[in-house]
Amino acid sequence: MSKFDFAPMPDNEGFFGNYGGQIIPPELKQVMDEIDRAYEEIRQTEEFQNELMQLFQDYVGRPSPIYHAKRLSDKLGGAQIYLKREDLNHTGAHKINHCLGEALLAKFMGKTKVIAETGAGQHGVALATACALVGIPCEIHMGQVDIEKEHPNVTKMKILGCKLVPVTRGTATLKDAVDSAFEEYLKDPVNYIYAIGSVVGPHPFPKMVRDFQSIIGREARQQFQDKHNTLPDYITACVGGGSNAMGLFTAFLEDDSVNIVGIEPSGKGLETSEHSATLTLGKPGEIHGMKCYVLETEDGEPMPVHSIASGLDYPGVGPQHSYLKDLGRVEYQSVTDEECLNAFMTLSQVEGIIPALESSHAVAWAMRAAQEMDKDTTILVNLSGRGDKDADYVADKLDL
Ligand SMILES: *Cc1c(COP(=O)(O)O)cnc(C)c1O
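Residues numbered from 1 in each chain as written. Predicted model: local features only at pLDDT ≥ 70, side-chain atom pairs only at ≥ 80, totals over all residues. Heavy atoms only, no water.

## Thoughts on unusual backbone geometry
No. 1: Cis rather than trans, the peptide bond between Arg 62 and Pro 63 has omega equal to 0 degrees.
No. 2: Its place among the elements puts Pro 63 in the loop between helix 2 (46-60) and strand 3 (66-68).
No. 3: Each neighbour pair has its own omega, and for His 203 with Pro 204 the value is 10 degrees, a cis peptide bond.
No. 4: Of note, Pro 204 is situated in the loop between strand 8 (192-194) and helix 9 (205-213).
No. 5: With a phi close to 55 degrees, Ala 172 is a non-glycine residue in the positive phi region.
No. 6: Relative to the elements of secondary structure, Ala 172 occurs in the loop between strand 7 (163-167) and helix 8 (174-186).
No. 7: In this structure Ala 172 comes out as buried when scored by relative accessible area, which is 7%.
No. 8: Phi is positive for Asn 229, which is not a glycine, with a value near 60 degrees.
No. 9: Mapped onto the elements of the fold, Asn 229 is located in the loop between helix 10 (215-228) and strand 9 (234-238).
No. 10: With a relative accessible area of 69%, Asn 229 lands in the exposed category. (Helix = DSSP H or I, 4+ residues; strand = E, 2+ residues; numbered from the N terminus. Buried < 20%, exposed > 50% of the residue type's maximum accessible area, 1.4 Å probe, protein only.)

If you want it as structure tokens, here you go:
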């Protein structure tokens, strides 16, 4: 028996302890409840499960391997570092796992269009991919400023056949794209579905996205057990909204011997205002239809956040992470932009694996922690994505 009780999570109202729920207008609550009902019914069916598992295997390339980063471990002289290779998935990151789940659910529910916003374009590309595969129209809203910054992803979305809607209002960035996408969704929420890109937003999204991502931890637990006859001493993952982390953590929550560490971006330093360390420095609040830890300014507005990894700069965080922090089951620590860059270069040059800047945060923590541990200790890192998208930026930044 575990000393932690994780029985049905979340509860029927979508709460993880005090976090989560549905902080939304009543009309929208009805729509969300209908999605939850349909999801709970559809996910039990053999048809849905078989189709999703088949796609995970033949299309995504699952199971993703666990790789012993021996040269990196030897160089650090401490704990053994293992990588769960989500970077090897089709499209190069973990996001395809929940996008396929959401697109397939949309198809089973008979929806006619999938709508979403995207910031850096990672969620947009993964969703456009999944919708092309499943054969359902897809509409992505993106701020004009982000469109100009993120050329490769914009091009990919166009090639994949989704409708890209440029958003020019306000600051023409992610926040405005969310508003714009939401307005489109509200025009016909019965026939459209909004596909959220992490374990955030109103119930049932934190639950659904977690469930679709939890394949990562189920595989990793079995793979590690098969090879080592025991479980890893530490598991770790970067936390933006928190989907790749919940994906890995879920299978291990009741394993008391496994220490779980989530890594947030401390950007230019926790003492500056340029970070995105929501669980480390935020307070319980509300954002995007849910209760969770939030980084807010003094007048209660979401704080402008910063991270070198655009996938991690979010002023809120998944409600389940908020709960796991209060419970003490997961420890949340942070890594700076500088440590992230160092890990990015080190993993590239010692192992020949170029990690995403997001994933480099988890690698950086493992590198820091491993040095203080003995050689028998094991750390499993979720390598959430590959760094091709970041290569030019890093080369520029480091003057390579
Ligand atoms: C989007 C992204 C993240 C951050 O999202 P989470 O929901 O926190 O997992 C992390 N890693 C990669 C590679 C990403 O693309």
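## Side note on the nonpolar core
No. 1: If you look at the biggest cluster of nonpolar residues, it comprises 87 residues, and the most contacted ones within it are Leu 127, Tyr 185 and Phe 249.
No. 2: When we break this core down by domain, the ones giving at least three residues each are domain 1 (16-55 + 94-210) and domain 2 (61-93 + 215-397).
No. 3: Setting aside anything within four residues of it in sequence, one finds Leu 127 in contact with Cys 99, Val 114, Ala 116, Cys 138, Ile 140 and Ala 195. (Core = buried A, V, L, I, M, F, W, Y, C linked by side-chain atoms within 4.5 Å. Domains from an automatic or database assignment. Contact = heavy atoms within 4.5 Å.)

## Observations regarding the site of the ligand
No. 1: Around the ligand, a shell composed of 16 residues is seen, among which Lys 95, Ser 198, Gly 242, Ser 243 and Ser 384 lie nearest.
No. 2: The contact in question runs from an oxygen atom of the ligand to an N or O atom on the side chain of His 94, over 3.1 Å.
No. 3: Between an oxygen atom of the ligand and a main-chain N or O atom of Gly 240, the distance comes to 2.8 Å.
No. 4: Protein chains shield 97% of the accessible area of the ligand, which is 380 Å² for the free molecule.
No. 5: For the shell around the ligand, a count of residues per class yields 4 nonpolar, 10 polar and 2 charged. (Near = heavy atom within 4 Å. Polar contact = N/O pair within 3.5 Å; in protein donor to acceptor, adjacent residues only side chain to side chain. Areas by Shrake-Rupley, 256 points an atom, 1.4 Å probe, with all protein chains shown as cover. Nonpolar A, V, L, I, M, F, W, Y, C, P; charged D, E, K, R; others polar.)

## What about the pattern of salt bridges?
No. 1: Inspection of the entire model under this criterion finds 23 salt bridges.
No. 2: Across the salt bridge formed by Arg 37 and Glu 34, the nearest N and O atoms sit 2.9 Å from each other. Here the residue Arg 37 and the residue Glu 34 both occupy positions in helix 1 (residues 26-42), the gap between them amounting to 3 residues, near one helical turn.
No. 3: For Arg 43, the salt bridge identified is with Glu 40, shortest N-O distance 3.6 Å.
No. 4: For Arg 43, a relative accessible area of 29% gives the class partly exposed.
No. 5: The exposure class of Glu 40 is partly exposed, given its relative accessible area of 27%.
No. 6: One salt-bridge network, in which partners are shared between bridges, spans Asp 36, Glu 40, Arg 43, Lys 207, Arg 210 and Asp 211. (Salt bridge = Lys/Arg side-chain N within 4 Å of Asp/Glu carboxyl O.)

## Regarding the domain arrangement of the protein chain
Accessible area lost upon the coming together of the parts is a frequently used measure of interface size.
No. 1: We note that the domain assignment places domain 1 (16-55 + 94-210) and domain 2 (61-93 + 215-397) within the protein chain.
No. 2: Here the C-alpha centre of domain 2 lies 23 Å away from the C-alpha centre of domain 1.
No. 3: Each side of the interface is counted separately: domain 1 has 27 residues, and domain 2 has 34 residues.
No. 4: Between domain 1 and domain 2 the total buried area reaches about 2,400 Å² when both faces are included, carbon and sulfur atoms providing 65% of it.
No. 5: Considering only the side of domain 1, the residues that lose the most area to domain 2 are Tyr 19, Ile 23 and His 94, jointly responsible for 31% of the buried surface there.
No. 6: Where domain 1 packs against domain 2, one counts 0 salt bridges.
No. 7: Connecting domain 1 to domain 2 are 11 residue pairs in polar contact (both at pLDDT 80 or more).
No. 8: For the side of domain 1 that touches domain 2, the secondary-structure elements that each account for two or more residues are strand 2 (19-20), helix 4 (95-108), helix 5 (122-134) and helix 9. (Buried area = accessible area lost by both parts, 1.4 Å probe.)

## Some details on the sheet that holds strand 14 (residues 378-383)
No. 1: Overall, mixed pairing links the 6 strands, which are arranged 3-4-14-9-10-13 in an open sheet. Because the sheet does not close on itself, it has two edges, and the strands there are strand 3 and strand 13 (330-336). Within this sheet the neighbouring strands show an average axis-to-axis angle of 30 degrees, counted without direction.
No. 2: Note: strand 9 against strand 10 (residues 259-267), 5 bridges, orientation parallel. The partner of Tyr 234 across the bridge, within strand 10, is Asn 259.
No. 3: Across the sheet, helix 10 lies against strand 3, strand 4 (80-85) and strand 14, angled at about 135 degrees from strand 4, the strand it touches most. (Pairing = 2+ DSSP bridges. Axes fitted to C-alpha atoms, helices over the stretch in contact; angles between N-to-C directions.)

## Points about the environment of Ile 379
No. 1: Mapped onto the secondary structure, Ile 379 falls in strand 14.
No. 2: Put simply, Ile 379 and Leu 83 are 296 residues apart on the chain and 8.5 Å apart in space, counted from C-alpha to C-alpha.
No. 3: Ignoring any residue separated from it by four or fewer positions in sequence, one finds Ile 379 in contact with Ala 79, Gln 80, Ile 81, Tyr 82, Tyr 234, Thr 236, Trp 365, Ala 366, Ala 370 and Met 373.

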